[in-house]
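Read off the chains here:
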Amino acid sequence: MIWFWLGFFALVALLLFLDLGVLHRRAAEPSLRSAVGWTIGWICLGLSFSGVVYLIYEHAWLGARMAAAPAQGHAIGPPSGGGSDAAITYVSGYLLEQALSIDNIFVMSLLFRSFHVPARYQHRVLFWGILGAIGFRISMLGGGAFLAKHFTWVFYLFGAYLGWQGIKLLRGGDDDDGDHDKSLAIRGLRRFVRIVDGDHGGQFTVQIDGRRALTTVAVCLVVIELTDIVFALDSIPAVLAVSQDTFIIITSNIFAIMGLRSLYFVLAGAMAKFKYLKLALAVLLIVIGAKLLAHHYYMPSHALTLAVIATIIGIGVVASVLTGKPTPAT
């Protein structure tokens, strides 16, 4: 599989270079039309990669096979059926990460308002934030897959955690205070580095009186990176409920994350319109948590898992669109 890994990361590097180094070199606020176009493009690219996954596993190129289920009945998924199961599993992981990213977008919107980051610089902050997120996810997903393969009891821990998070979301206990995050981050960083107010042309560091200092834009980036680690604590156990195949879960996760920048500019200003989406995410977390807790007794097919994920997300989006006026943003 080493050649597939090298090819995938070369593709990711090329896409990121084209994104910031060529297509978005100038700091500018993306228009809604442009953001929608980029979002559709990233989604099409992410979903089309399932075709590559299908070919790799259907023909067992370079010996590629889906990760075997743990022995002695401790499996959270049915036996692999080759390329079809691999592609369905990839799409399930992709949709799951996209859905869980919605809450992340809401928090990022709060942080940008709290740190007073102009819209024209937000794409650059998100680019570096997502670049860091890719590194975190690779290491955390790899570690999670290792634990899942060697210590099946960890599924009970993951399942209980996801169920608890879903219940918290239902009760409205996940709200984040951007001003609190700003105050805490600045107080903590001021102990080690100098921080100056203002965006300073979107730069992360500036030279003042012969000393290097961080701008509030840089501090905002640090907080976004930290919040992504927190959100990964939800998404990583959730995607491990879909599959423990390292290549599938990492590729689906990264493609979903890479499209997060454009999706942010589509949804950030309209989050209040999707008032039932958080309810759908809460239900999704509870269902996946229940699946992990019951993995020893019931193993739903990959197709059923995909159908459940898509149905819950779809109901949340459709219900939000069809119901009256948007609720005021908090």
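The structure displayed is predicted, hence computed values, not measured ones. (Residues numbered from 1 in each chain as written. Predicted model: local features only at pLDDT ≥ 70, side-chain atom pairs only at ≥ 80, totals over all residues. Heavy atoms only, no water.)

*Asks:* Help me out: how do you make sense of the overall build of the protein in this one?
*Replies:* In terms of helices and strands, the protein carries 11 helices and 3 strands. The helix and strand sequence of the protein, counted from the amino end, reads α-α-α-α-α-α-β-β-β-α-α-α-α-α. Burial status across the protein gives 49% buried among its 330 residues. Partitioning the intrachain contacts of the protein with sequence separation of at least 6 by distance along the chain shows that 84% fall at a separation of at least 24. When the accessible surface of the protein is totalled, it reaches about 15800 Å², and 66% of it is carbon and sulfur. (Helix = DSSP H or I, 4+ residues; strand = E, 2+ residues; numbered from the N terminus. Buried < 20%, exposed > 50% of the residue type's maximum accessible area, 1.4 Å probe, protein only. Contact = heavy atoms within 4.5 Å. Areas by Shrake-Rupley, 256 points an atom, 1.4 Å probe, with all protein chains shown as cover.)

*Asks:* Teacher, can you tell me more about the environment of Ala86 here?
*Replies:* Structurally, Ala86 is set in helix 3 (residues 83–114). Along the backbone, Ala86 and Asp245 are 159 residues apart, and their C-alpha atoms lie at a distance of 9.1 Å. Discounting residues that sit within four places of it in the chain, Ala86 has contacts with Val53, Tyr57, Met66 and Ile248.

*Asks:* Mind showing me how you'd approach the pattern of salt bridges here?
*Replies:* Between side chains of opposite charge, a pair can form as their charged atoms come close. Scanning the entire structure with this criterion turns up 2 salt bridges. In this structure, Arg137 engages Asp228 in a salt bridge whose closest nitrogen and oxygen atoms are separated by 3.0 Å. In this pair, Arg137 sits in helix 4 (residues 119–150) while Asp228 sits in helix 7 (residues 216–240), placing the two residues 91 residues apart along the sequence. The buried category is assigned to Asp228, whose relative accessible area is 7%. (Salt bridge = Lys/Arg side-chain N within 4 Å of Asp/Glu carboxyl O.)

*Asks:* What should I look at first to understand the packing of aromatic side chains in this one?
*Replies:* Here the distance between the centres and the angle between the planes together describe a pair of aromatic rings. As enumerated under the stated definition, the model contains 15 aromatic pairs in all. With centroids separated by 6.5 Å and ring planes inclined at 70°, the aromatic side chains of Phe8 and Phe247 adopt a geometry described as edge-to-face. On the criterion of sequence distance, the pair formed by Phe8 in helix 1 (residues 2–23) and Phe247 in helix 8 (residues 246–258) is long-range, its members being 239 residues apart. Judged by its relative accessible area of 2%, Phe8 is buried. Sitting over the face of the ring of Phe204, Arg124 holds its NZ or CZ atom 4.4 Å from the ring centroid. The lysine or arginine in question, Lys168, covers the ring of Trp164, its NZ or CZ lying 4.8 Å from the ring centre. (Phe/Tyr/Trp six-rings, centres within 6.5 Å; stacked < 30°, edge-to-face > 60°. Lys NZ or Arg CZ within 6 Å of the ring centre and 35° of its normal.)

*Asks:* Would you mind going over the pairing of strand 3 (residues 211–215) with me for this structure?
*Replies:* Successive side chains on a regular strand alternate, one facing one side of the sheet and the next facing the other. The pairing of strand 1 (residues 195–196) with strand 3 spans 2 bridges and is classified as parallel. Considered in strand 3, the bridge of Val196 is made with Thr215. Alignment of strand 2 (residues 205–208) against strand 3, held across 4 bridges, turns out to be antiparallel. Paired with Thr205 across the bridge in strand 3 is Leu214. Taking the residues that link successive antiparallel strands as the turn, the strand 2-strand 3 hairpin has 2 residues, and the phi of Asp209 there is positive, at about 55°. (Pairing = 2+ DSSP bridges.)

*Asks:* Looking at this structure, I do not really get the sheet that holds strand 3. What am I missing?
*Replies:* Hydrogen bonds between backbone groups are what pair the strands of a sheet, and the pairing can be parallel or antiparallel. The strand order 1-3-2 describes an open sheet built from 3 strands, whose pairing is mixed. Here the strands that pair on one side only, and so sit at the sheet edges, are strand 1 and strand 2. Lying over the sheet, helix 7 contacts strand 1 and strand 3, oriented at roughly 55° with respect to strand 3. (Axes fitted to C-alpha atoms, helices over the stretch in contact; angles between N-to-C directions.)

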